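Here is how the chains run, residue by residue.
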Amino acid sequence: MILIDPTSGLSAKAAKGFIGKTLTLDQQRRLFQRWITDPAVHPHEALLGILSLLHGASSAEVRHLRLDGIDPANRAIRLGQRPHLVPLDPVSWSIVQRCMAHRETQRTSNPHLMVTKGTKAGRNPASVAYVSHILDPAGISPRMLRSTRLIDLVNIMDAKLVAAAFRMTPEGIMIYLADHVVDGRLPRPPNGETSGESQLKY
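Visitor: Help me understand the overall build of the protein chain, please; the structure alone is not making it clear to me.
Guide: Looking only at helices and strands, the protein chain has eight helices and three strands in total. Moving toward the C terminus, one meets the helices and strands of the protein chain in the order α-α-α-β-β-β-α-α-α-α-α. Relative to its full complement of 202 residues, the protein chain shows a buried share of 37%. Considering only contacts in the protein chain between residues 6 or more positions apart, those separated by 24 or more positions represent 51%.

Following this line, the structure appears as structure tokens:
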């Protein structure tokens, strides 16, 4: 008879893996259409939404985007600490231009692309609180958009390349790959064994 619990005082670490929410393709399409076709959408919402959805930009990268980080000749922008300029597709570039036109109406010398009433007289980026609520009218968060894009990228490309492009650690990017099984990389199950029994997780 065991009078004590031999496991008392022991704890197991939870497996590290992405547990957040992501968007379905239909949800992504609806948001994409909203940001490129609805003239009532604020330019800042469209900017953060499109850059997060298509380029995996974080809210911090967008709020710190400066005019000197925009390369009109190559239609590219510098996002955060990424090692290279991010080339933009025609839709993303049109959204950046729209945001630049909106900035011109504010007659500001603030060096950032996203300028608010509270920052147009200074040189600081838009506040964290402001950026965190930009996408409220769309009912979405920047984190969910970015996570959706990162999960898509790490499952179709080499995770190490994605980590390098986004200047993330390999450990940080692998979280988005945890527990995902690529069907094409599964070994053919032996006779009498179900496919579920032979799946390899990584």
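Past the structure itself, the notes keep going.
Visitor: Would you mind showing me how to read the sheet that holds strand E3 (residues 86–87) here?
Guide: Strand pairing within a sheet occurs via backbone hydrogen bonds; the two strands may be parallel or antiparallel. Spatially, E1-E2-E3 is the arrangement adopted by the three strands of the open sheet, whose pairing is antiparallel. Pairing within the sheet leaves two strands with one partner each, and these edge strands are strand E1 (70–71) and E3. Two elements, strand E2 (residues 76–77) and E3, share two bridges in a ladder whose sense is antiparallel. Bridged to Ala76 within E3 is Pro87.

Visitor: Before we go on, may I ask you to explain the side chain of Ser92 in this structure?
Guide: In this structure, Ser92 sits in helix H4 (residues 90–104). Side chain to side chain, Ser92 and His55 meet in a polar contact 3.0 Å long. Within the structure, the side chain of Ser92 is placed 2.7 Å from the side chain of Asp89, a separation counted as a polar contact. Once residues within four sequence positions are removed from consideration, Ser92 is found in contact with Ile50, Leu54 and His55.

Visitor: Even after reading the chapter, I still don't get unusual backbone geometry, so can you show me in this structure?
Guide: With the exception of glycine, the majority of residues adopt a negative phi angle, and the majority of peptide bonds are in the trans configuration. Within the chain, Arg75 stands out as a residue other than glycine whose phi angle is a positive 50°. One can find Arg75 in the loop between E1 and E2. On the basis of relative accessibility, which here comes to 42%, the residue Arg75 falls in the partly exposed class.

Visitor: For this particular structure, what's the right way to read helix H2 (residues 43–55)?
Guide: Each full turn of the α-helix corresponds to 3.6 residues, which orients residues three or four apart in the same direction. In a regular helix each residue adds 1.5 Å, so 13 residues correspond to 18 Å; H2 covers 17 Å between its end C-alpha atoms and thus fits that length. For H2, the tally of buried residues reaches twelve of 13 residues, placing the bulk of the element in the interior. For H2, the complete set of buried residues consists of Pro43, His44, Glu45, Ala46, Leu47, Leu48, Gly49, Ile50, Leu51, Ser52, Leu53 and His55. Where H2 terminates, the next one or two residues include Gly56, which has phi positive at roughly 65°.

Calculation notes
- By convention here, each chain's residues receive numbers from 1 onward along its written sequence.
- With the structure being a predicted model, the display of local features is reserved for residues of pLDDT at least 70 and the display and counting of side-chain atom pairs for 80 or more, all residues being used for whole-chain, interface and lining totals.
- Think of the side-chain values as coming from all heavy atoms in the structure, minus any hydrogens and water.
- Secondary structure follows DSSP: runs of H or I at least 4 residues long count as helices, runs of E at least 2 residues long count as strands, and numbering of each begins at the N terminus.
- Accessible area is worked out with a 1.4 Å probe on protein chains only. A residue is then buried under 20% of its type maximum, exposed over 50%, and partly exposed in between.
- By definition in these notes, contact holds between two residues if any of their heavy atoms fall within 4.5 Å.
- Being paired, for any two strands, means DSSP has found at least two bridges between them.
- Polar contact is the term for a pair of N or O atoms within 3.5 Å; when the atoms are in protein, one must be able to donate a hydrogen and the other to accept it, and sequence-neighboring residues count only if both atoms are side-chain atoms.
- The span expected for a helix works out to 1.5 Å for each residue beyond the first.

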